[in-house]
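Structural description and commentary
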Amino acid sequence: MKKSFAERKEIVLQLMKSEFYVPMKEKELAVMLQVRPEDRPDFKEVLSALLAEGSIMVTKRGRYQIMEHTAVVGTFLSTGKGYGFVQVEGEKEDYFISPEDTHGAFHQDKVEIVRIADAHGDRHRTARIVKILEHGIISVVGTYQAMGRYGFVLPDMQKLGQDLFIPGGCDLGTLDGQKVAAEITVYGKEGRNPEGRIVEILGNSSDPGGGYLIHCQSLFSAGSL
């Protein structure tokens, strides 16, 4: 009886985990596993699936091997388009983080990552965020958008990528279109906006300087500068 897709994946993994295994190319693996010519397309799908989930990787010479999951720490730099990069101190090349592998990280968060294989081979340094160690941004400045009993702050910093949800009672009486400073209280999860509360009304977006004049005057009067 023909083995299931999951069983075939497990056979490949067990072979690569063996202490006697030496990284091989696809054709060499097929010969080793006695894959029939008519089953080669299915075998290719098994390898592609294992690559996509980060269980195995392909070297620059096209040889397959188990992925080494060594965790490193770096800073997540969001592009505002769902994906981003992690910068690791002392390393010249950043790690690419796809939208499904951000783990809900925010721009400038300190994160822990593990390297994964790129689906097209080892041409890019690709990683998955596995833990958020520290948030780099705790407040945002943006424009308030009233939505009845609640609202959103549209951040001036586009790299944040998401609007900040402001629950009822946390808007400080802000009017639609006003510039505000908001504290992030919940960083959110995949599919959910982060939440926060408005801590200062900076002015109207139509004011000179986009509303920052009022904020600067308050700082001078408080002797902060």
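Located above this text is the structure these notes cover.
Residues numbered from 1 in each chain as written. Predicted model: local features only at pLDDT ≥ 70, side-chain atom pairs only at ≥ 80, totals over all residues. Heavy atoms only, no water.

**Observations regarding the pattern of salt bridges**
Filter applied, for reference: Here a salt bridge means any side-chain nitrogen of Lys or Arg lying within 4 Å of a carboxyl oxygen belonging to Asp or Glu. Only runs of H or I of at least four residues qualify as helices and only runs of E of at least two qualify as strands under DSSP, and these elements are numbered from the N terminus. Each residue is placed in one exposure class: buried if its accessible area under a 1.4 Å probe, protein chains only, is under 20% of its type's maximum, exposed if it is over 50%, and partly exposed if it falls in between.
Applying the stated criterion to the full structure yields 11 salt bridges. Between E91 and R125 there is a salt bridge, with the nearest N and O atoms lying 2.5 Å from each other. One end of the pair, E91, is in the loop between β4 (84-87) and β5 (95-97); the other, R125, is in the loop between β6 (110-116) and β7 (126-134), and 34 residues separate them in sequence. E91 sits in the partly exposed class, given a relative accessible area of 29%. Ionic pairing is found between E195 and R192, a salt bridge with its closest N-O pair at 3.7 Å. Residues joined in a network through salt bridges with shared partners are R36, E38 and D39.

**Observations regarding the packing of aromatic side chains**
Under the convention used in this document: We call Phe, Tyr and Trp rings a pair once their centres come within 6.5 Å, taking the six-membered ring for Trp, and we label the pair stacked below 30 degrees between planes, edge-to-face above 60, and tilted otherwise. Either the NZ atom of lysine or the CZ atom of arginine qualifies as a charge over a ring when it sits within 6 Å of the ring centre and within 35 degrees of the ring normal.
Taken as a whole and assessed by the stated rule, the structure comprises seven aromatic pairs. Here the aromatic rings of Y150 and F152 are separated by 6.1 Å at their centres, their planes lie at 80°, and the arrangement is edge-to-face. F152 sits in the buried class, given a relative accessible area of 17%. Taking the centre distance of 5.5 Å and the plane angle of 50° together, the rings of Y150 and F165 count as tilted. On the criterion of sequence distance, the pair formed by Y150 in strand β9 (residues 150-155) and F165 in strand β10 (residues 164-166) is long-range, its members being 15 residues apart. By way of ring pairs, the aromatic residues Y83, F85 and F96 are connected into one cluster. The ring of Y95 has R125 sitting right over it, with the charged end atom 4.0 Å from the ring centre.

**Let's talk about the packing of helix α1 (residues 5-17) against helix α3 (residues 40-52)**
Quick note on the threshold: To get an axis, fit a line to the C-alpha atoms, keeping to the stretch in contact for a helix; angles then go from 0 to 180 degrees between the N-to-C directions. Roughly parallel means an angle under 35 degrees; roughly antiparallel means over 145; roughly perpendicular covers 65 to 115; every other angle is labelled oblique. Note: crossing handedness is left-handed where the near helix turns anticlockwise from the far helix by less than a right angle, and right-handed where it turns clockwise. Here, residues are in contact when the closest pair of their heavy atoms is within 4.5 Å.
Two elements in contact, α1 and α3, have axes whose closest approach is 10 Å; the angle formed by their N-to-C orientations is 70°. In this view, α1 runs roughly perpendicular relative to α3, as classed from their interaxial angle. Once α1 is placed against α3, the crossing between them reads as right-handed. Contacts between α1 and α3 pair F5, R8, K9, V12, L13 and M16 from the former with D42, F43, E45, V46, L47, A49 and L50 from the latter.

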